Amino acid sequence: MNSNPWQQALHQLDEAAELMELDPSLHAMMRSPKRILEVSIPTRMDDGSVKVFTGYRVHHNTSRGPSKGGIRYHPSVTLDEVKALAMWMTWKCAVVGIPYGGAKGGVVLDPKELSPAELERMTRRYASEILPLIGPERDIPAPDMGTDEQIMAWIMDTYSMNQGYSVPGVVTGKPMAVGGSLGRGSATSRGVVYVTVSTLKHLGMPVDEARVVIQGYGKVGGPAVQLLHDQGCIVVGVADVMGGVYDPRGLSPMGLERHKDEAGTVAGYEHGEPVTPEELLELECDVVIPAALEGVITEKNADKVQAKVVVEAANGPTTNEADVILGDRGVMVVPDILANSGGVTVSYFEWVQDIQAYFWSEDEVNERLRGIIEGAYVEVIALAEERGITARQAATILGVGRVAEAHRTRGLFP
Ligand code: NAD
């Protein structure tokens, strides 16, 4: 089998389609993205030269509402990756029952190699190039790997300047000053923690003192350390792209944060043993949370994962081959389209607040998020147990089924 993310995503869809006896014409429609845009992004660099970057925006499906999905800035971005991420967004929005289809965007670059001014010019030009595809009623981007709330503010401003008035609802994950939502910054991590706690309880494992390792210390992995600690879990290992650190007695969330602020990485944190991001996944622990790139648990290391639970905070971190190995070994995998759906759920809350120009308290955001994630978790696990299938198969069947229902109800145009 192929570790290309698009092939992985197609395989997951095909498997769900077979299990649910999906109408072959609907299956065929869902196998293809609705539209794909590739753009070139000429950017004036600080030294006066011009560099041309490549970017994408893919709409996978819009049968349930406008499309929604992050924008990734990373040197390994490919069209196949963006297509896979867009498809997963479609199922994710349907699993948590929010009225969006799936989209994704990406630019092939390392944002750390650009100055802030270069990054702003590149972002504004990319936003201009994908302008015909985005809008609060069409497609609403958000941050993903390598992008942040400042980048969302530049996209919101570029779109608004072209419209002639402010349109906060065109992106989510914005700063509060331009219509962001309280609670959005930690929403994905919070969702990850809700499903981790639900899974431990479901498996009859104690939440208190559950040993957790997290690969990735960015917008998702970073806040998850403190939130898991608040639940009584012990975070024994953390890694980012530069390296990792392990202490079986537990790492201090505040100490890690301080070290990251000073050194720009968790690597080299003095209160623990150094580990590589790869070794981290094989440490003795109860829960592994991949929160960085896709394809990190493969047929090469799946039999070395010692945890009983894998919670996919990242998109697509487990290859299909690894999924089978983990399943055979009795390791529970909480799939990405459920585990990291807290981000898009609060993005939806942000969009609703922008459209109504009426903002909620952080407690309201967090409580509504918890209700949605815990409700979706119960539905996915109930279906998995009823059918004797994995949580990924169950979540995909739920998502695909809801999209199919929307297609059937709307009918085929013309
Ligand atoms: P980010 O750019 O904020 O952080 C990424 C982290 O991963 C960084 O700590 C980076 O150093 C680390 N990393 C990169 N390559 C690595 C490697 N080879 N080994 C170990 N660590 C590595 O990105 P993010 O927003 O936290 O996204 C992480 C994952 O979560 C992605 O798969 C993304 O699609 C997914 N996700 C993000 C959100 C969100 O709201 N940001 C929502 C849903 C899913």
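The shown structure was predicted, so the numbers you read here are calculated from the model rather than taken from an experiment. (Residues numbered from 1 in each chain as written. Predicted model: local features only at pLDDT ≥ 70, side-chain atom pairs only at ≥ 80, totals over all residues. Heavy atoms only, no water.)

1. Structural notes on the overall build of the protein
Counting its regular elements, the protein contains 14 helices and 12 strands. With respect to the principal axes defined by its C-alpha atoms, the protein has extents near 55 × 55 × 45 Å. Taken over 414 residues, the protein has a buried fraction of 59%. When the accessible surface of the protein is summed, it comes to about 16,900 Å², and 51% of that surface belongs to carbon and sulfur atoms. Across the protein, 37 positive and 55 negative side-chain charges occur, with their mean positions spaced 5 Å apart. (Helix = DSSP H or I, 4+ residues; strand = E, 2+ residues; numbered from the N terminus. Buried < 20%, exposed > 50% of the residue type's maximum accessible area, 1.4 Å probe, protein only. Areas by Shrake-Rupley, 256 points an atom, 1.4 Å probe, with all protein chains shown as cover. Lys, Arg positive; Asp, Glu negative; His and termini not counted. Charge placed at Lys NZ, Arg CZ, Asp CG, Glu CD.)

2. Topic: helix 10 (residues 320-328)
Among the residues of helix 10, those classed as buried are Asn320, Glu321, Ala322, Asp323 and Leu326. Residues of helix 10 that are buried make contact with helix 1 (5-19), strand 11 (309-311), strand 12 (332-334) and helix 14 (391-410). (Contact = heavy atoms within 4.5 Å.)

3. Observations concerning the layout of surface pockets
Of the pockets and cavities examined, the second largest pocket occupies roughly 310 Å³. Broken down by secondary-structure element, the contributors of at least two residues to the lining of the second largest pocket are helix 2 (24-31), strand 2 (50-61) and helix 14. Among the residues forming the lining of the second largest pocket, the class breakdown is 5 nonpolar, 7 polar and 2 charged. (1 Å grid on protein atoms, 1.4 Å probe; cavity = no way out; pocket = protein on both sides within 12 Å on 5 of 7 lines; lining within 4 Å. Points joined across faces, edges and corners; volume = space filled by probe spheres on them. Nonpolar A, V, L, I, M, F, W, Y, C, P; charged D, E, K, R; others polar.)

4. Re the nonpolar core
Judged by nonpolar contacts, the single largest core of 83 residues is most densely connected at Met30, Trp91, Ile214, Leu228, Leu256, Ile289 and Val311. Setting aside residues no more than four positions away along its own chain, methionine 30 makes contact with Leu13, Leu22, His60, Met87, Trp91, Val400, Val403, Ala404 and His407. Counting residues in each nonpolar core, the second largest holds 25 residues, with Leu114, Leu119, Val170 and Val171 among its members. (Core = buried A, V, L, I, M, F, W, Y, C linked by side-chain atoms within 4.5 Å.)

5. Focus on the environment of lysine 174
Looking at the secondary structure, you find lysine 174 in the loop between helix 5 (149-163) and helix 6 (187-202). Overall, the relative accessible area of 3% leaves lysine 174 in the buried class. Measuring from C-alpha to C-alpha, the distance between lysine 174 and alanine 313 comes to 21 Å, with 139 residues separating the pair along the chain. For lysine 174, the contacting residues outside a window of four places in its chain are Glu149, Met152, Met156, Pro168, Gly179, Gly180, Glu350 and Asp354. A polar atom in the side chain of lysine 174 sits 2.7 Å from the backbone oxygen of valine 171. (Polar contact = N/O pair within 3.5 Å; in protein donor to acceptor, adjacent residues only side chain to side chain.)

6. Let's talk about empty space enclosed by the protein
Summed over all chains, the structure comprises 1 cavity of 30 Å³ or more. One number sums up the size of the largest cavity: a volume of about 40 Å³. Around the largest cavity, the lining residues are Gln12, Glu15, Ala16, Arg392, Gln393 and Thr396. Taken together, the residues of the lining of the largest cavity sort by class into 1 nonpolar, 3 polar and 2 charged.

7. Some words on unusual backbone geometry
Put simply, phenylalanine 413 and proline 414 share a cis peptide bond, and its omega is 5 degrees. Looking at the element boundaries, proline 414 is found in the segment after helix 14.

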